[in-house]
Amino acid sequence: MHVLSVSSLKGGVGKTTVTLGLASAAFARGVRTLVVDLDPQSDVSTGMDIQVAGHLNVADVLGSPKEKTVRAAIAPSGWTRNRPGTIDVMIGSPSAINFDGPHPSIRDIWKLEEALSTIEKDYELVLIDCAPSLNALTRTAWAASDRVAVVTEPGLFSVAAADRALRAIEEIRRGLSPRLQPLGIIVNRARTASLEHQFRIKELRDMFGPLVLSPQLPERTSLQQAQGAAKPLHIWPGDSALEMAGYFDQLLDRVLRTARIGEYVEAPAV
């Protein structure tokens with residue numbers, strides 16, 4: 001089971017939208033996937049059409065990471081209605097903010113890792129939608145992860161946040177979790193016609209080289225439309241959605257190659 005955190009140390013760069021795009025690509029590919037909604041805003045749970053009644057949530061899991069609690073906090077996405085495949089969600093909750101202090105104990109940091117270890121035979125891929133900060137929730141996610149994808153946009157402050165994120169990943173790798181590595185930087189909401197965006201993308205490449213992943217994701221309303229309707233991007237109609245689905249397929253290919261999930265490495269030819 002390969003665990004990928006989708007992170008940003010700056011709000012408003014589309015981190016959750018990227019998580020949903022990758023989840024849609026994984027579902028379309030047939031990869032058994034769990035999405036952990038660790039952001040207290042819980043937008044991933046909404047975007048994946050989760051019925052929360054009768055379930056526990058991620059805050060309960062962080063309070064007691066036992067298998068019984070973990071399984072009670074997981075629900076199938078509404079995306080699976082009338083469609084084959086496994087894509088489940090560990091349900092988000094605003095109460096997760098109670099676990100987001102600035103100085104977590106070592107015991108607290110390992111709770112999500114402990115929780116995921118109880119279900120590792122059920123999934124091939126876990127995507128964690130992290131909180132947009134470097135407090136306890138993000139550290140807990142990274143301690144449970146193999147890789148971190150840092151989401152940014154081509155702006156001055158977001159470039160600085162990406163640099164902080166990569167430094168923090170290295171700090172946690174050295175001090176806590178030797179297996180942790182950056183997957184790379186996903187540039188979101190790029191406008192090719194914008195000279196400012198071109199400059200910032202070049203700046204990112206100059207700073208981070210091959211860690212800047214391709215393709216960069218353009219700004220498209222189809223993403224927000226699919227998300228607002230709680231549908232997977234890969235079934236949303238229109239050329240714009242098809243274009244974006246192709247970009248997320250390419251990013252997923254990178255994830256699956258890194259994870260050595262061999263039979264799913266290449267997207268099917270269209």
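My aim in this report is to walk through the structure given alongside it, one point at a time. (Residues numbered from 1 in each chain as written. Predicted model: local features only at pLDDT ≥ 70, side-chain atom pairs only at ≥ 80, totals over all residues. Heavy atoms only, no water.)

With that settled, consider the overall build of the protein. Within the protein one finds eleven helices and seven strands. For 270 residues, the compact-globule formula gives about 18 Å, and the C-alpha radius of gyration of the protein, at 17 Å, lands near that figure. Along the longest, intermediate and shortest principal axes, the C-alpha atoms of the protein span 50 × 45 × 35 Å. Residues counted as buried form 55% of the 270 residues belonging to the protein. (Helix = DSSP H or I, 4+ residues; strand = E, 2+ residues; numbered from the N terminus. Rg over C-alpha atoms; globule rule 2.2 N^0.38 Å. Buried < 20%, exposed > 50% of the residue type's maximum accessible area, 1.4 Å probe, protein only.)

A word on the environment of Phe99. Of note, Phe99 is situated in the loop between strand 4 (87–90) and helix 5 (106–109). Along the sequence, Phe99 and Gly63 sit 36 residues apart, while their C-alpha atoms lie 8.6 Å from each other. Among residues more than four places away in sequence, those in contact with Phe99 are Ala59, Leu62, Gly63, Ala136 and Leu137. (Contact = heavy atoms within 4.5 Å.)

This part takes up helix 7 (residues 136–143). A large share of helix 7 lies buried, amounting to eight of its eight residues. Within helix 7 the residues assigned to the buried category are Ala136, Leu137, Thr138, Arg139, Thr140, Ala141, Trp142 and Ala143.

On to unusual backbone geometry. Generally, phi is negative for residues other than glycine and the peptide bonds are trans, each holding for most cases. The omega torsion across Ser214 and Pro215 is 0°, close enough to zero to call that bond cis. Positionally, Pro215 belongs in the loop between helix 9 (195–208) and helix 10 (221–228). You will see that Arg189, though not glycine, has its phi angle at about 60°, which is positive. With respect to the secondary-structure elements, Arg189 resides in the loop between strand 7 (181–187) and helix 9. Relative accessible area serves as the criterion here: at 25%, Arg189 is assigned to the partly exposed category.

Time to look at the packing of aromatic side chains. Applying the stated criterion across every chain yields a total of one aromatic pair. Pairing Phe27 with Trp79 gives two aromatic rings, centres 6.4 Å apart and planes at 35°, and the pair type is tilted. Of this pair, Phe27 sits in helix 1 (residues 15–29) while Trp79 is found in the loop between strand 3 (74–76) and strand 4, placing the two residues 52 residues apart along the sequence. (Phe/Tyr/Trp six-rings, centres within 6.5 Å; stacked < 30°, edge-to-face > 60°.)

Take Ser177: it is sitting in the loop between helix 8 (156–175) and strand 7. You can call Ser177 buried: its relative accessible area is 2%. In this structure Ser177 touches Trp110, Ala143 and Ile172, once residues within four positions along its chain are discounted.

Two elements in contact, helix 8 and helix 9, have axes whose closest approach is 10 Å; the angle formed by their N-to-C orientations is 20°. Considering their axes alone, helix 8 and helix 9 lie roughly parallel with respect to each other. Considering how the two elements wind past one another, helix 8 and helix 9 form a crossing that is right-handed. Contact residues: Leu156, Val159, Ala162, Asp163 and Leu166 in helix 8; Arg200, Glu203, Leu204, Met207 and Phe208 in helix 9. (Axes fitted to C-alpha atoms, helices over the stretch in contact; angles between N-to-C directions. Parallel < 35°, antiparallel > 145°, perpendicular 65-115°, else oblique. Left-handed = near helix turned anticlockwise from the far one by under 90°.)

Hydrogen bonding along the main chain pairs the strands of a sheet, whether they run parallel or antiparallel. Spatially, the seven strands line up as an open sheet ordered 3-4-2-5-1-6-7, and their pairing is mixed. Unpaired on one side and paired on the other, strand 3 and strand 7 mark the two borders of the sheet. Sheet twist, expressed as the mean angle between neighbouring strand axes with direction ignored, is 25°. Packing of helix 7 onto the sheet brings it into contact with strand 1 (2–7), strand 5 (125–129) and strand 6 (147–152), and relative to strand 1 it is tilted by some 150°. (Pairing = 2+ DSSP bridges.)

For the rest of this paragraph, the subject is the pairing of strand 4. Residue alternation in strand 4 divides its side chains into two sets, Ile87 and Val89 and Asp88 and Met90, and both sets are buried. The pairing of strand 2 (residues 33–37) with strand 4 spans four bridges and is parallel. Among the inter-strand pairings, Thr33 is bridged to a residue of strand 4, identified as Ile87. Sheet topology places strand 3 next to strand 4; three bridges connect them, and they run antiparallel. Opposite Pro76, over in strand 4, you have Asp88 as the bridge partner.

Before going further, it helps to spend a moment on the nonpolar core. With 44 residues, the main nonpolar core has Val36, Met90, Leu116, Ile128 and Trp142 as its most contacted residues. Per-element tally for this core: the top contributor is helix 8, with eight residues. Every residue in contact with Met90, bar those within four places of it in the chain, is listed here: Leu34, Val35, Val36, Asp37, Val58, Val61, Val70, Ala73, Ile74, Leu112 and Leu116. Judged by nonpolar contacts, the second largest core, of 40 residues, contains Val6, Val151, Leu183 and Ala259. (Core = buried A, V, L, I, M, F, W, Y, C linked by side-chain atoms within 4.5 Å.)

Read these as layout, nothing more, since geometry by itself doesn't imply function.
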